[in-house]
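Structural characterization, general
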Amino acid sequence: MAAPISLNVEFGGGAELLFGGVKSHKVELSQQEKPWDVRQLLVWIRKNLLKERPELFIQGDNVRPGILVLINDTDWELLGELDYKLVDQDTVVFISTLHGG
């Protein structure tokens with residue numbers, strides 16, 4: 001069994017407005033059969049943190065285009081995107097690059 005992990009999850013660039021205006025969240029993910037990955041984290045975020053308008057954050061099982069994802073200050077594209085295996089004390093940042101006008 002994979003041990004529980006603690007993460008810092010942050011939202012910026014306006015994405016925090018979908019999460020009750022809260023930019024930074026300390027997240028505890030429970031123990032489960034296999035290690036947590038970003039795909040599972042997105043499901044957890046939608047269920048536990050997202051307050052409104054999920055279509056502005058999630059598209060299918062991925063983040064919507066226009067949202068930059070950083071894991072420990074590294075672009076998630078370099079780390080395997082949805083398949084990245086999360087480890088204790090990771091920081092995952094979602095920054096919206098979409099602006100109204």
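Let me sum up the structure you'll find in this document. Predicted, not measured: the structure shown is a model, and the values here were computed from it.

Reading guide: rules and limits
Residues numbered from 1 in each chain as written. Predicted model: local features only at pLDDT ≥ 70, side-chain atom pairs only at ≥ 80, totals over all residues. Heavy atoms only, no water. Core = buried A, V, L, I, M, F, W, Y, C linked by side-chain atoms within 4.5 Å. Buried < 20%, exposed > 50% of the residue type's maximum accessible area, 1.4 Å probe, protein only. Helix = DSSP H or I, 4+ residues; strand = E, 2+ residues; numbered from the N terminus. Contact = heavy atoms within 4.5 Å. Pairing = 2+ DSSP bridges. Phe/Tyr/Trp six-rings, centres within 6.5 Å; stacked < 30°, edge-to-face > 60°. Polar contact = N/O pair within 3.5 Å; in protein donor to acceptor, adjacent residues only side chain to side chain.

Among the nonpolar cores identified, the biggest contains 28 residues, and Phe11, Ile45, Phe57, Leu86 and Phe94 are the most heavily contacted of them. Looking at this core, the elements with two or more residues in it are strand S1 (5–12), strand S2 (24–29), helix H1 (38–48), strand S5 (67–71) and strand S7 (91–96). Residues within four places of Phe57 in sequence aside, it is in contact with Phe11, Leu18, Phe19, Leu42, Ile45, Leu50, Asn62, Val63, Arg64, Ile67 and Phe94.

Okay, H1 next. Taken together, the buried positions of H1 are Val38, Gln40, Leu41, Leu42 and Ile45. Those residues of H1 that are buried are in contact with S1, S2, strand S3 (58–59), strand S4 (62–63), S5 and S7.

With four of its five residues buried, S5 lies for the most part within the structure. Here S5 runs beside S7; their pairing, made up of five bridges, is antiparallel. Bridging across to S7, Leu70 finds its partner in Val93. Summarising the sheet, S5 and strand S6 (residues 74–75) pair through two bridges and their orientation is antiparallel. Within S6, the residue paired with Leu70 across the bridge is Asp75. Turn length for the S5-S6 hairpin, with the two strands adjacent in sequence and antiparallel, is two residues, and the turn residue Asn72 shows positive phi of about 50°.

Bringing the packing of aromatic side chains into the picture now. All chains considered together, the criterion is met by five aromatic pairs. The interplanar angle of 15° and the centroid separation of 3.8 Å between the aromatic rings of Phe11 and Phe19 together place this pair among those described as stacked. For the pair Phe11 and Phe19, a shared accessibility class is recorded, and that class is buried. Both rings, one in Phe11 and one in Phe57, keep their centres 5.9 Å apart while their planes meet at 75°; by these two values the pair is edge-to-face. You can see Phe11 sitting in strand S1 and its partner Phe57 sitting in the loop between H1 and S3, a full 46 residues away along the chain. Side by side, Phe11 and Phe57 carry an identical accessibility label, which is buried.

Right, let's get into the side chain of Gln32. Summarising the element assignment, Gln32 is placed in the loop between S2 and H1. A distance of 2.9 Å separates the side chain of Gln32 from the backbone oxygen of Lys34, its partner in a polar contact. Those residues within four positions of Gln32 in sequence are excluded, and the remaining contacts are Met1, Ala2 and Gln40.

Don't take any of this as a statement about function, it's just geometry.
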